[in-house]
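Geometric and topological summary
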Amino acid sequence: EPEVTQTPSHQVTQMGQEVILRCVPISNHLYFYWYRQILGQKVEFLVSFYNNEISEKSEIFDDQFSVERPDGSNFTLKIRSTKLEDSAMYFCASTASFRNEQFFGPGTRLTVL
Amino acid sequence: AQSVTQPDIHITVSEGASLELRCNYSYGATPYLFWYVQSPGQGLQLLLKYFSGDTLVQGIKGFEAEFKRSQSSFNLRKPSVHWSDAAEYFCAGDSGNTPLVFGKGTRLSVIA
């Protein structure tokens, strides 16, 4: 069964460093998402991406964040200069069509020291 | 603003007992509604979804949920809980013009 994959599973970084989180969505899916879950809190939407551009973003998704689909299979989330409060689990999701069920990856746990 | 509320932070049930996890939504129109499960260290797995039609929806792992418009609820149920059901359960809603909104989750513990 096709699934969304994410790498790495755990990333530890120093405050101020850049990180890139990678996702491989399900191959025939067209809509891609990033979500964040701070420990003990709910899952929060960050950004959606369709047709090679951001379709929606939340207040969390400020200028420090960017997304890219560099090669038609990967979907990346870059945090330019990490802060302590960026420590969270980051989930990638994809869906074949608008408003259909989203398939989530296993997540990347980001720890900023 | 659209919101999804899960009033119970933590529920403990005995193995074999029935389970009901509550979810209430606040949307202008009926949203699409979902229940996801997250096992420790794992991603989110879809249990079931409601788009329209029959208000009682069946999902995987023996779960079902009932959409009640009059109560703005979409409660998740299972007649007999197994120890492997211990996990975090998230209700989520999609209005069509806003991103998926999650509730805060309910942690389910199962005791022998």
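Everything below is about the structure shown above.
The following refers to the structure shown. None of these values were measured; they are calculated from a predicted model.

Taken as a whole, this structure holds two disulfides over all chains when the rule is applied. What pairs with C23 of chain A in a disulfide is C92 of chain A, and their sulfur atoms sit 1.9 Å apart. Since a negative S-S torsion denotes a left-handed disulfide, the C23 of chain A-C92 of chain A link at about -65° is left-handed. Taken as a pair, C23 of chain A in strand β3 (residues 19-24) and C92 of chain A in strand β9 (residues 88-95) lie far apart in primary sequence, 69 residues in all. Taken individually, C23 of chain A and C92 of chain A each receive the classification buried, so the pair is uniform in this respect. Here C23 of chain B connects covalently by a disulfide to C91 of chain B, the sulfurs 2.0 Å from one another. In this structure the cystine formed by C23 of chain B and C91 of chain B twists about its S-S bond by roughly -65°; its chirality is therefore left-handed. Of this pair, C23 of chain B sits in the loop between β3 (19-21) and β4 (24-26) while C91 of chain B sits in strand β10 (residues 87-94), placing them 68 residues apart in sequence. This pair shows no difference in class: C23 of chain B is buried, exactly as C91 of chain B is.

With that settled, the discussion passes to the pattern of salt bridges. With the rule as written, the count across this model stands at six salt bridges over all chains. The partner of K49 of chain B in a salt bridge is E101 of chain A, and the shortest N-O contact between them spans 2.6 Å. Of this pair, K49 of chain B sits in strand β6 (residues 44-50) while E101 of chain A sits in the loop between β9 and β10 (103-104), each in a different chain. Residue K49 of chain B is classed as partly exposed on the basis of its relative accessible area, which comes to 30%. Across the salt bridge formed by D8 of chain B and R22 of chain B, the nearest N and O atoms sit 2.9 Å from each other. Residue D8 of chain B is located in the loop between β1 (3-5) and β2 (10-14), and its partner R22 of chain B is located in the loop between β3 and β4; the two are separated by 14 residues in the primary sequence. Salt bridges here are not isolated pairs; linked through shared partners, they connect E64, E66 and R77 of chain B.

Residues and elements named next belong to chain A. As for its placement among the helices and strands, V19 is situated in strand β3. Take V19: its relative accessible area is 2%, and that puts it in the buried class. Between the C-alpha atoms of V19 and G72, which are 53 residues apart in sequence, the distance is 20 Å.

This model, assessed by the stated rule, comprises 22 aromatic pairs over all chains. Taking the centre distance of 5.7 Å and the plane angle of 85° together, the rings of Y35 of chain A and F102 of chain B count as edge-to-face. One end of the pair, Y35 of chain A, is in strand β4 (residues 31-37); the other, F102 of chain B, is in strand β11 (residues 101-102), on a second chain. For the pair Y35 of chain A and F102 of chain B, one class covers both residues: buried. Taken together through their ring pairs, the aromatic side chains of Y33, Y35, F45, F91 and F104 of chain A together with Y32, F34, Y36, F51, F90 and F102 of chain B make up a single cluster.

Here is what the cut-offs are and how they apply
Residues numbered from 1 in each chain as written. Chains lettered and ligands numbered in written order. Predicted model: local features only at pLDDT ≥ 70, side-chain atom pairs only at ≥ 80, totals over all residues. Heavy atoms only, no water. Disulfide = S-S within 2.5 Å. Helix = DSSP H or I, 4+ residues; strand = E, 2+ residues; numbered from the N terminus. Buried < 20%, exposed > 50% of the residue type's maximum accessible area, 1.4 Å probe, protein only. Salt bridge = Lys/Arg side-chain N within 4 Å of Asp/Glu carboxyl O. Phe/Tyr/Trp six-rings, centres within 6.5 Å; stacked < 30°, edge-to-face > 60°.

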